[in-house]
Amino acid sequence: MSDTSIAREVAAGLDDEGRLFSRYLVGRDAPPGLLRRYAEAVERLALVPRARPDAALLRFVRRHPSSLPLLDAAVAVVRRESVLRARLLLMLALLEATVDQADDFLPRPRGRASAVARVALEAAIGACKTAGGLLILPLATRGR
Amino acid sequence: MSREAEVLIVGSGPSAVHAALPLVEAGVAVTMLDVGNQDERYAPLIPDLPFAELRRSDPDQHRYLLGDDLEALPLGSARVGAQLTPPRSHVLRDVAGLTPLVSATFRASESLALGGLGAAWGASAVQYDGRDLAGLPITGADLAPHYEAVAAGIGISGARDDLLRYYGECASLAPPLEVDPGVVRLMERYALGRERVNRRGLYLGHPRLAVLSRDHDGRSAQSYHDLDFYSDRGGSVWRPSLTVERLLGRASFSYQRPWLVERFDEHPDTAAIVVRARDPGSGEAAEFRARRLLLAAGTLGTARIVLRSLGLYDTPRPLVSNPHVYVPCLQPGWIGRPLASRRHSLTQAGLIFDPPGGDGVAIYGEVHVYGSLLLFKLVRESSFPVPQALRIVRELLSAFVILVLEHPDEPAPEKSCMLRRAGSGGKDELHVDHREPASALRLRRRTESALLRSMRRLGCFPLGRIDAGAGSSIHYAGTFPMSADEGPLSVDRSCKLRGTRGVYLCDGSFLPRLPAKPLTLTLMANARRVACGLLREVR
């Protein structure tokens, strides 16, 4: 498969991908306007896979949405420059700069003990996801 | 096109406007030449609301938070200048194309904006003392009246605390800005353990900022809307454009844009200096004539103009720039606390590391909180899955501070710039080589470690260290150093370029070395000193 055809294949379906990422990041569907901005931003920033494993990873996530939390965790550690991570961060930035999602991003005071417990819990969840993600990453980047 | 003035000033940054001010006030005909890029897109979009309120109410916030061209979205490694948000992106606009710089070791930031780099500066305004000026044919006493005059004009806030002896006395000093509660706690811990950490060389206090804590000269006091990285509404933070505005009210002042100055020639038979400039948009050429020329185009911009004018291609010139690192830190005792509703985005506290037996200030530091910048930038640096990283960052935000540390820089053979002639139709390129000798690098790391040990004692724990690379401090100097000796390519104590009849260098070019402390206030005071000297000469 040529680089161009890889790019064309992955560029298709950005709406579905944006919706998937939004649900994953903030638990809600992104509004249509934001999905359009996501697709435009992917194009403007040229966030298309340059290498076969990157393209395979994106395809895998689209076919198996339930693998996203694990693979996101894995690429945060071993493939930090991957297109999957870049696109997740892009969606995060777009969500952060919207009125509807503002409260998901603005700090919320809670007691010190509660905050420390929350940090510990999230760190533990992150570590578990990373372990799982590292196990399936070779499969996801193998492609066809 | 040809125009005449008594004095031509190139650039509109902090030095340029403070050179212009005394001349114009004395009635001297001054023409300021500038490319003068401005933000014509974002400023009108930004509501006058506190940052958190704006985030909950403005449907167009993505335009200025992320940028219409997604300027705020480099998704790779950390970038220089967190304060260069989309509304500030005009500050660096056109630089790569019009004033190309080539380097594998140096990350320079230059500006062709109205106000130059001062259009986005962090407003730290501290003085140099006798130790900082050692070896120069000028002293602190020469600069003292000019520091006072500049401070009285731009409005400086701060406190007379432990940092006074490093920042310098300032008669017009206004009270300090309000401080974020997390940093108040750090200062309280410092007050409790002052003797112990002072013995190790650490001093902490309120920052000295060119930001108004009370109304001044038609400008409003800080609004605490936490929008200082986005908007200049009210004029609380001094920007050079405020002084240009004031100068425009004077008949003897003329601001000419958009002109990119290329070279000057001193006429052999008359006293005139001819300055050749080009409109970067249309390509139209113009000549301006004057009896005196003040170059304040920034150290790198001025180097281009001087070297091109004198035909000194491929001639290395020294270049110094403060090494600059970020140290994100956590104050565990402040986790889960509420953020202040009234905040500003600039330096919350200042620090100086002056270890006993050392050779002066080893590190100048600033304590920042992470307020009005988006969280995705912090999430990007994390190794956790994105949703977990976001939740962790949110919980820790109130306890999170960023230390910005700057070291002194001395000239060395490995630190230089030179102008290379362009090929046909191209632009001359400034080539910069700036490598830190290994021994200096080791010393720098050791000094930082000693400082951070003291910070731990104050309950402030470093999480990492980000070295943004040489040039990232955006402080440049050393190209045409001031000396008492009659050396070539140097300036005398009046900042006149030796070998010329009337060309003066009014930016960082004249400083042979950079102390750890930021240079901007000194450049402003020195530019005023140069202009006052010139005034005596032309009158």
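Cut-offs and rules
- Residues numbered from 1 in each chain as written.
- Chains lettered and ligands numbered in written order.
- Predicted model: local features only at pLDDT ≥ 70, side-chain atom pairs only at ≥ 80, totals over all residues.
- Heavy atoms only, no water.
- pLDDT = per-residue confidence, 0-100.
- Helix = DSSP H or I, 4+ residues; strand = E, 2+ residues; numbered from the N terminus.
- 1 Å grid on protein atoms, 1.4 Å probe; cavity = no way out; pocket = protein on both sides within 12 Å on 5 of 7 lines; lining within 4 Å.
- Points joined across faces, edges and corners; volume = space filled by probe spheres on them.
- Nonpolar A, V, L, I, M, F, W, Y, C, P; charged D, E, K, R; others polar.
- Buried < 20%, exposed > 50% of the residue type's maximum accessible area, 1.4 Å probe, protein only.
- Pairing = 2+ DSSP bridges.
- Core = buried A, V, L, I, M, F, W, Y, C linked by side-chain atoms within 4.5 Å.
- Contact = heavy atoms within 4.5 Å.
- Buried area = accessible area lost by both parts, 1.4 Å probe.
- Salt bridge = Lys/Arg side-chain N within 4 Å of Asp/Glu carboxyl O.
- Polar contact = N/O pair within 3.5 Å; in protein donor to acceptor, adjacent residues only side chain to side chain.
- Phe/Tyr/Trp six-rings, centres within 6.5 Å; stacked < 30°, edge-to-face > 60°.
- Expected span 1.5 Å × (residues − 1).
- Arc of directions from axis to C-beta.

Novice: Just checking my understanding: could you explain the confidence of the model for chain A for this structure?
Specialist: Caution applies to low-pLDDT parts of the model: their predicted coordinates are not meant to be read in detail. Across chain A, the average pLDDT comes to 90, with 90% of residues at or above 70. Here helix α1 (residues 3–11) of chain A is the element of chain A with the lowest mean pLDDT, 54, and helix α5 (residues 68–75) of chain A is the one with the highest, 97.

Novice: Teacher, can you tell me more about the layout of surface pockets here?
Specialist: The probe, sized like a water molecule, is rolled over the atoms to show the empty space still left. Residue and element names in this part refer to chain B. Of the volumes computed, that of the second largest pocket is approximately 680 Å³. Taken together, 26 residues make up the lining of the second largest pocket; nearest its centre are Asp359, Val361, Ala362, Pro408 and Leu443. Sorting elements by how many residues they give to the lining of the second largest pocket places helix α13 (residues 438–457) first, with four residues. Here the residues of the lining of the second largest pocket are counted per class, giving 11 nonpolar, four polar and 11 charged.

Novice: Just checking my understanding: could you explain the pairing of strand β9 (residues 285–290) of chain B for this structure?
Specialist: Remember that side chains alternate between the two faces of the sheet whenever the strand is regular. All names here are of chain B. Burial along β9 is one-sided: Ala286, Phe288 and Ala290 are buried, while Ala285, Glu287 and Arg289, pointing the other way, are not. The pairing of strand β8 (residues 273–278) with β9 spans six bridges and is antiparallel. Residue pairing for β9: isoleucine 273 is matched across the bridge by alanine 290. Counting the residues in the hairpin turn of β8 and β9 gives six residues, including glycine 283, whose phi is positive at 85°.

Novice: Even after reading the chapter, I still don't get the nonpolar core, so can you show me in this structure?
Specialist: Buried together is how nonpolar side chains tend to be arranged in soluble globular proteins. The biggest cluster of nonpolar side chains holds 161 residues, and the ones touching the most others in it are Leu84 of chain A together with Phe264 of chain B. Ignoring sequence-local partners within four residues, the contact set of leucine 84 of chain A consists of Phe21, Leu57, Leu58, Val61, Leu68, Leu71 and Val75 of chain A.

Novice: What exactly am I supposed to notice about the interface of chain B and chain A here?
Specialist: Note: interface size is frequently given as the accessible area lost on complex formation between the parts. At the interface, 43 residues of chain B touch 46 residues of chain A. Both faces considered, chain B and chain A share a buried interface measuring about 3800 Å² in area, 63% of it formed by carbon and sulfur atoms. One can count five salt bridges joining chain B with chain A. Close ionic contact of glutamate 96 of chain A with arginine 55 of chain B constitutes a salt bridge, the shortest N to O distance being 4.0 Å. If you look at where chain B meets chain A, you find 20 residue pairs in polar contact (both at pLDDT 80 or more). Those elements giving two or more residues to the side of chain B that touches chain A turn out to be α2 (51–57), α3 (61–65), α11 (376–381) and α12 (386–396) of chain B. No other element matches the nine residues that α12 of chain B contributes to the side of chain B that touches chain A. Broken down by class, the residue content of the side of chain B that touches chain A amounts to 23 nonpolar, nine polar and 11 charged.

Novice: Looking at this structure, I do not really get the packing of aromatic side chains. What am I missing?
Specialist: What characterises a pair of aromatic rings is the spacing of the ring centres plus the angle enclosed by the ring planes. All names here are of chain B. Here the structure, examined in full by the defined rule, presents seven aromatic pairs over all chains. Considering the side-chain rings of tryptophan 259 and phenylalanine 288, the 5.7 Å spacing of their centres and the 70° angle between planes classify their relative orientation as edge-to-face. Of this pair, tryptophan 259 sits in the loop between β6 (253–256) and β7 (260–266) while phenylalanine 288 sits in strand β9; the two residues are 29 residues apart in sequence, bridging distant segments of the chain. We classify tryptophan 259 as buried; its relative accessible area is 5%. Both rings, one in tyrosine 370 and one in phenylalanine 400, keep their centres 6.4 Å apart while their planes meet at 65°; by these two values the pair is edge-to-face. Note that tyrosine 370 is positioned in the loop between β15 (363–369) and α11 and phenylalanine 400 in strand β16 (residues 400–406), a separation of 30 residues in sequence. Neither residue differs from the other here; tyrosine 370 and phenylalanine 400 are each classed as buried.

Novice: I would appreciate a short explanation of helix α3 (residues 32–44) of chain A in the present structure.
Specialist: Because each turn of an α-helix spans 3.6 residues, side chains separated by three or four positions end up pointing in the same direction. Residue and element names in this part refer to chain A. With 13 residues, α3 should reach 18 Å at 1.5 Å per residue; the first-to-last C-alpha distance of 18 Å fits that figure. Listed as buried for α3 are Leu34, Leu35, Tyr38, Ala41 and Val42. Angular distribution of buried residues about the axis of α3 spans 125°; they occupy a single face of the element. Looking at α3, the residues exposed on the side facing more than 90 degrees away from the buried face are Pro32, Arg36, Glu43 and Arg44. Those residues of α3 that are buried are in contact with α2 (14–26) and α6 (83–96). Immediately beyond the C-terminal end of α3, within one or two residues, lies alanine 46, with a positive phi of roughly 55°.

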